[in-house]
Number of protein chains: 2
Amino acid sequence: MTYSQLVEEIFKKKSFLCVGLDSDDNKIPECIKGSTKADTLFRFNRSIIDATARYAVAFKPNVAFYESEGADGWRALEETIRYIKQKYPEILVIADAKRGDIGNTSERYAKAIFDHLGADAVTLAPYMGKDSISPFLAHKEKWSVILALTSNVGSEDFQMLSCFDDDITAPQICCSKRGKLSLTNVTEKGELTPLYERVLETASSWGSKDNTMFVVGATHAEMLTNVRKIVPSHFLLVPGVGAQGGSLEEVSEYGMTAECGLLVNSSRGIIYAGNDEYFACAAEAKAAELQKQMATLLYRYSKLYK
Amino acid sequence: MTYSQLVEEIFKKKSFLCVGLDSDDNKIPECIKGSTKADTLFRFNRSIIDATARYAVAFKPNVAFYESEGADGWRALEETIRYIKQKYPEILVIADAKRGDIGNTSERYAKAIFDHLGADAVTLAPYMGKDSISPFLAHKEKWSVILALTSNVGSEDFQMLSCFDDDITAPQICCSKRGKLSLTNVTEKGELTPLYERVLETASSWGSKDNTMFVVGATHAEMLTNVRKIVPSHFLLVPGVGAQGGSLEEVSEYGMTAECGLLVNSSRGIIYAGNDEYFACAAEAKAAELQKQMATLLYRYSKLYK
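Given the structure is predicted, the values throughout are model-derived calculations rather than measurements. (Residues numbered from 1 in each chain as written. Chains lettered and ligands numbered in written order. Predicted model: local features only at pLDDT ≥ 70, side-chain atom pairs only at ≥ 80, totals over all residues. Heavy atoms only, no water.)

Overview of the interface of chain B and chain A
- Taken together, the 83 residues of chain B in the interface contact 83 residues of chain A.
- Between chain B and chain A, roughly 7600 Å² of surface is buried when both sides are summed, and carbon and sulfur atoms account for 59% of that area.
- Counting across the chain B and chain A interface gives 12 salt bridges.
- For the salt bridge of D72 of chain A with R75 of chain B, the shortest nitrogen-to-oxygen distance reads 3.5 Å.
- Summed over the shared surface of chain B and chain A, the result is 28 residue pairs in polar contact (both at pLDDT 80 or more).
- For the side of chain B that touches chain A, the per-class residue count stands at 35 nonpolar, 23 polar and 25 charged. (Contact = heavy atoms within 4.5 Å. Buried area = accessible area lost by both parts, 1.4 Å probe. Salt bridge = Lys/Arg side-chain N within 4 Å of Asp/Glu carboxyl O. Polar contact = N/O pair within 3.5 Å; in protein donor to acceptor, adjacent residues only side chain to side chain. Nonpolar A, V, L, I, M, F, W, Y, C, P; charged D, E, K, R; others polar.)

As structure tokens, then:
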């Protein structure tokens, strides 16, 4: 799926909602359960997909919830994505997998996610650098969604660390000294920026806004102004609205571009909105409520609303 | 598997060899091919495992190579690990998966890798911080193998960045300014350390040497002295010897502890040593050669050699 197709879909549906399919066998209503766990996962997903598709522009199955059921879980994930692509080809499918490995291995992951599963996009961890991401970017009309600033508490451990911001001298200094450096040595050579900014700056140069998105958690909405200085037009995938406490209003105020540039994810808030035989209606109502809010926010902050 | 069981196995076999099962259908000799790709992967792995088990203390299937064959690939991975644990229960199985996600999702990955697949250890990306790793550490007698300094070129992109090393003031500075800071502001407050050192320092405090290892690539062998200042007794998983150019000799000189503390991985160098009907013999010969070198190095640098 291309950038312009995604933008078109957003303004057609007046929604930038991504529905997270974190489908957990333990939380799925009894009435929809199938003969196997894998069957249950697929049946539940199919109901949620049909109930929310008119309000959503993306579905994001979290691979962990399928992998934890082994090969059968993978089969349910394959069936789920095939179902979406056949019935709703205009909807973006993001495999939330947080992969990343050395080049020849990332090629295999890209093959798994894009060719075998048929997803349009995949979430990736940036720690291993450019050659761990490039094999994904090489796939035409597919998306790499790179972690920048995540929504969890642990985002403070490394993503918020201040890094010395100088492309040329920083690695040289590390290598030549084999250890710690006192700051006085480099006082006049550069600036400090948080690691997540460095990831945005560096990783946005590997591809373009047509094949790269970044994950920025809604729990850090106030930092979106700063994020937009670095990546003014890339799409951002924003988790953390709802169960994790982020605000849709703030995310839109600080993060929306003229062409929207946001995909806001809600998982648990939608798919477990109900737990009886009306679970799909409850999910639909929740998705519709979010879409309504999103329409207002698109009207207020974007430029393409008609 | 416990730390002392692993050390015992190393000195019994006089080996710290980890055989990487990066099994690629395109490179597997014709003679071993089965009726399906999944069958081929398992048949090949079984031959390699039987040929190298007496020289190895760990097997490391790289999950990407199975995932890229979808649900059938997962089945082959399940069968491979089951085969190792049934026939060679004393050998550590590391699922090379490079996972890491928010807490409730990492719990699912831990379930997938430890409970469903039955692996003893898993490789993890540290970018999302403590709560992305803790669910793995909660599993008794299982191992989290955290990426610190990887063997690929991209390791220079972020892992070598100089970070401001001050637990308390660094995040405060980032948040309060919402942007860049000139270094003069913090000159007297701390020191700069490469990000990978910061990962070693921080992540080693989440668990202990009994449940945590770190990945340090052999292509950075000269940095192992420094790594050992931070984690003097943790096991290190060292990829990059062989195909990627790292030196076993240097890794042992700079990285070995009294109790060894190293698992050196070789994948392509062993499993594709031959490509005809004698591929298993070729793999065995290559593993035996490495084990012989390792015995000499254990004699020279460790303290438990008898």
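On we go from here.
Thoughts on the sheet that holds strand β11 (residues 262–266) of chain B
All names here are of chain B.
- Strand order in this closed barrel of 8 strands is β1-β2-β3-β4-β5-β9-β10-β11, and the pairing throughout is parallel. Ignoring which end each strand starts from, the neighbouring axes of this sheet average 30° apart.
- Inspection of the sheet shows strand β9 (residues 212–216) paired to strand β10 (residues 235–238) by 3 bridges, in the parallel sense. Across the sheet, residue F214 finds its bridge partner in β10, namely L236. (Pairing = 2+ DSSP bridges. Helix = DSSP H or I, 4+ residues; strand = E, 2+ residues; numbered from the N terminus. Axes fitted to C-alpha atoms, helices over the stretch in contact; angles between N-to-C directions.)

So, unusual backbone geometry
- A positive phi angle, near 50°, is found at K14 of chain A, a position not held by glycine.
- Relative accessible area serves as the criterion here: at 21%, K14 of chain A is assigned to the partly exposed category. (Buried < 20%, exposed > 50% of the residue type's maximum accessible area, 1.4 Å probe, protein only.)

What to know about the packing of aromatic side chains
- With the rule as written, the count across this model stands at 13 aromatic pairs over all chains.
- Here F44 of chain A and F279 of chain A contribute two aromatic rings whose centre-to-centre distance is 5.4 Å and whose plane-to-plane angle is 25°, an arrangement assigned as stacked. One end of the pair, F44 of chain A, is in helix α2 (residues 37–52); the other, F279 of chain A, is in helix α12 (residues 279–301), with 235 residues separating them in the sequence. Side by side, F44 of chain A and F279 of chain A carry an identical accessibility label, which is buried.
- Their ring planes at 55° and their centres at 6.0 Å tell us that F158 of chain A and W206 of chain B sit as a pair that is tilted. Here F158 of chain A is found in the loop between β5 (143–149) and β6 (162–165), whereas its partner W206 of chain B is found in the loop between α8 (195–203) and β9 on a different chain.
- Clustering of aromatic rings is evident, with ring pairs tying together F44, Y272 and F279 of chain A. (Phe/Tyr/Trp six-rings, centres within 6.5 Å; stacked < 30°, edge-to-face > 60°.)

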